[in-house]
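Coordinates in review
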Amino acid sequence: MSVAQPVRIAVDIGGTFTDFQILDQRHGRVMAWKAPTTPADPSEGLMIGIRQAAERFGFRLADVGLLLHGTTIATNAVLERKLAHGVLLTTAGFEDVLEITRHVRRDIYGLAPDPFPCLIDRDRRFGVAERMRADGSVETALGDLAPMMERLRATAPEAIAIGLLHAYANPAHERALRDAVAKALPGVPVSLSSDISPEIREYERLSTTVLNALLMPVVQRYLAKLEARLGEDGFRPRIFLVQSNGGMCSLARAAEQPARLLLSGPSGGALAAERLSRRLERPNLVAVDMGGTSFDVSVVQDHVIGLVTQGEVDRLPVRLPMVEMRTIGAGGGSIASVDAAGRLTAGPRSAGARPGPVCYGRGGVEPTVTDANAVLGRLDPDFFLGGAMALDLKGARDAMTTRIGGPLNLSTEAAAEGVLRVTNAQLAAAVRLSLFEKGLDPRQFSLLSFGGAGGLHATEVADELGITEVVLPREPGTLSAYGILFSDLVQDIARSRLYRAEDSHAAALAEAVAGLRAEADARLAEDGVPDSQRAVEVSADLRYRGQAFELLVPWPEAPALAPLLARFHATHRARFSYAAEGDPVEIVTLRAAAIGRLDKPEEAAATPAESATAPGARQVWQGGAATAWPVWRRERLRLSDSIEGPAIIEEAFATHVIAAGWRAALDPEGAIIARRIAA
């Protein structure tokens, strides 16, 4: 799809900063910008940042034709429980599925076990007299719904989730309930399980439907504020939102299915990693995104980012396709403290955007990881955010001394070093687990580090993992927005029905696949995607008969079975070290990704400096003493420059520490490549 106006903007609204990547197609320039997030109304910070970028880079708001928007609004609403007051309608006898969950108890030996969260109280979960069989046939028909509608009116719900037994096989009863609710309570948002997650597994489907329903008013209010800003100074772009699967969707789709936005922002970083793996000719990357609040890990293997069919937010399962990612609460704003046992901890609590780290000078009193870096001299107090924000070093030192150094009987600098050691150990553990669970060796991967805080820790984390190459891409502080800038429209369609993966079911499978392709094509037509820019990718969830889990396997040759089975056996062997090739295989769910290709304008090549510039120097504390470290500016680097650690490389929105034992140089693509010096 093409857009007439020459400027395309990608935005990633995080917990601390709102990141922008601006593509001006008149010059092929890609430019980065940051602005503080405004938590009370994120659209305000978005517009402030766009106006600042327009003034800085010389374009008009009327020049913006496309706005691609990643956001943590849905995730934060779940984590903070700022959700609508909802009601669940489900098949009579199944009202307690949300509380029963699965028979998985992570704290089975805990003296005070923490129960799984349940977002709708028991007195607001209503059983409906009806029953569908697994084959879609009706066992008990819907009766008179008038009494149920009266009960609903009495509860005054802000949102309604409808999840009936086996609705994935036959949604007729769910749709009849939806129509009755629309008449009885007009204007109340309704979420059907057969729309948002038409798949087997009752608990996961109900959990996803409830999350979707309770998010609908939250996201719809934000989208209304965003749309209200259209027209200001000619700002009328076409807007798409980033989904958890890394693809875009329309505002209407996001309003109806906001659960698809739960990994909206972080998925942009994974998309950027996949794109960079090809541009930099590095097929295996472990991508780490360290921002102000979190540390996100995703794995690119053979140039492809992993997707999963189910994720989890605050222990709540979400049965929707999403980028495979591990997230821990360890960012620049993560709060360091000494617990009751005298242990030093960092995170998961975060100082957020308001007040933020102590050194931001906005009222923060608890020391953070960013404060530790500032105390040790790793950050330039006069060049933070390119000089847009001066850092309060005295405040950071006082907080580190009072909250960490005093209780542990350490000097201020030793306390700050301790915070970084604890943080780096946590980051390395998250990376290690992400690779080991796939049977992958960290030594066969390069570490792609980005996010505003990533470069401060990357080489030291790589040391802990045995990784010998670190990639620091161009504009790392806004790389998630960069990934969003070059993404496509994607709609996921799933159909659960059990098939034996054998020739006797070939005709039924071919018919089912044809139906998926037709529906995918119809959805792309609704979004106005031209025929020439449409693509449909088919995949399937497979298992050996008797297994209780499935593996997602791409199926580009659908409906031919032989290549699908070969790929399934190979995937199973890679994941679990064996394959039972003689055992019968079942296809549980068929999937189609309807893809609308957006134009991918070429960005201008990197322009390294031509003349030599001597680095500056700064006193940096490490290992009990302060020494002078060379400080380089990224925009002044030449291809011939070689930087041996310990050293610092600074740019407007990121700072990179090149640890001792590492050497860094500029790549022709503009990335900084740091390599471990062989012993």
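Below, the structure is looked at part by part. (Residues numbered from 1 in each chain as written. Predicted model: local features only at pLDDT ≥ 70, side-chain atom pairs only at ≥ 80, totals over all residues. Heavy atoms only, no water.)

One pass over the full model with this rule turns up 7 aromatic pairs. Aromatic side chains Y360 and F384 sit 5.6 Å apart centroid to centroid with 45 degrees between the ring planes, which places their arrangement in the tilted category. In this pair, Y360 is assigned in the loop between β22 (344-350) and α10 (369-375) and F384 in the loop between α10 and α11 (393-408), connecting sequence segments 24 residues apart. Given a relative accessible area of 10%, Y360 falls into the buried group. (Phe/Tyr/Trp six-rings, centres within 6.5 Å; stacked < 30°, edge-to-face > 60°. Helix = DSSP H or I, 4+ residues; strand = E, 2+ residues; numbered from the N terminus. Buried < 20%, exposed > 50% of the residue type's maximum accessible area, 1.4 Å probe, protein only.)

Helix length check: helix α1 (residues 42-57), at 16 residues, gives a terminal C-alpha distance of 22 Å against a target of 22 Å (1.5 Å per residue), a fit within 8%. Those residues of α1 that sit buried are P42, S43, G45, L46, M47, G49, I50, A53, A54 and F57. Turning to α1, the residues buried within the fold contact β1 (7-13), β2 (17-24), β3 (29-36), β4 (64-71), α2 (73-79) and α7 (202-228). One or two residues past the end of α1 sits G58, with phi positive at roughly 80 degrees. (Expected span 1.5 Å × (residues − 1). Contact = heavy atoms within 4.5 Å.)

Now for the sheet that holds strand β10 (residues 190-192). The strand order β6-β5-β9-β10 describes an open sheet built from 4 strands, whose pairing is parallel. Strands with a single pairing partner mark the edges of an open sheet, and in this sheet they are β6 (125-128) and β10. Adjacent strand axes in the sheet meet at a mean angle of 20 degrees when their direction is disregarded. Set on the sheet, α7 makes contact with β5 (86-91), β9 (159-163) and β10; between it and β9 the angle comes to about 160 degrees. (Pairing = 2+ DSSP bridges. Axes fitted to C-alpha atoms, helices over the stretch in contact; angles between N-to-C directions.)

Turning our attention to the packing of α11 against helix α12 (residues 412-436). Packing of α11 against α12 brings their axes to within 9 Å, and their N-to-C directions diverge by 75 degrees. Between α11 and α12, the angle is such that the two are roughly perpendicular. Judged by residue contacts, R397, M400, T401, I404 and G405 of α11 engage T412, E413, A415, A416 and V419 from α12. Partitioning the contact of α11 with α12 into residue classes produces 5 nonpolar, 3 polar and 2 charged. (Parallel < 35°, antiparallel > 145°, perpendicular 65-115°, else oblique. Nonpolar A, V, L, I, M, F, W, Y, C, P; charged D, E, K, R; others polar.)

So, about the nonpolar core. If you look at the biggest cluster of nonpolar residues, it comprises 125 residues, and the most contacted ones within it are I9, I22, L46, I50, F59, L262 and F295. Among the elements that take part in this core, α7 stands out by supplying 12 residues, more than any other. For I9, the residues in contact, after removing those within four places along its chain, are F20, Q21, I22, I50, F59, V64, L66, L67, L68 and L485. Counting 58 residues, the second largest nonpolar core, distinct from the first, contains L23, L276, L479 and I493. (Core = buried A, V, L, I, M, F, W, Y, C linked by side-chain atoms within 4.5 Å.)

Relative to the elements of secondary structure, E232 occurs in the loop between α7 and β11 (238-242). Residue class for E232 comes out partly exposed when judged on its relative accessible area of 27%. For E232 and L61, which are 171 residues apart along the polypeptide, the C-alpha to C-alpha distance reads 8.2 Å.

In an α-helix, one turn spans 3.6 residues, which is why side chains three or four residues apart end up on the same side. For α7, with 27 residues, the first-to-last C-alpha span of 39 Å sits near the 39 Å given by 1.5 Å per residue. Buried residues dominate α7, accounting for 21 of its 27 residues.

Turning next to the side chain of S487. Locating S487 in the fold gives a position in the loop between α14 (479-485) and β25 (489-500). According to the relative accessible area criterion, S487 is buried, its value standing at 4%. A polar contact of 2.8 Å, which involves the side chain of S487, links it to the backbone oxygen of I484. The contacts of S487, once residues within four sequence positions are left out, are G246, M248, L271, L598 and K600. (Polar contact = N/O pair within 3.5 Å; in protein donor to acceptor, adjacent residues only side chain to side chain.)

Across all of its chains, the model carries 52 salt bridges by this definition. Note that R378 is salt-bridged to E460, the shortest N-O span being 2.8 Å. Of this pair, R378 sits in the loop between α10 and α11 while E460 sits in helix α13 (residues 458-465); the two residues are 82 residues apart in sequence, bridging distant segments of the chain. We classify R378 as buried; its relative accessible area is 4%. The residue R676 makes a salt bridge to D463 at a minimum N-O spacing of 2.7 Å. Of this pair, R676 sits in strand β35 (residues 672-676) while D463 is found in helix α13, placing the two residues 213 residues apart along the sequence. With relative accessibility at 32%, the residue D463 sits in the partly exposed group. Here the residues in one salt-bridge network are E199, R201, R319, D541, R543, E550, E586 and R591, joined through shared partners. (Salt bridge = Lys/Arg side-chain N within 4 Å of Asp/Glu carboxyl O.)

The subject of this paragraph is the environment of T18. One can find T18 in strand β2. Here T18 falls in the buried class, since its relative accessible area comes to 0%. Placed 460 residues apart in sequence, T18 and T478 show a C-alpha to C-alpha distance of 8.8 Å. Once residues lying within four places of it in the same chain are set aside, the contact partners of T18 are V11, D12, I13, W33, K34, A35, P36 and T37.

The quantities given are spatial measurements derived from coordinates; they are silent on function.
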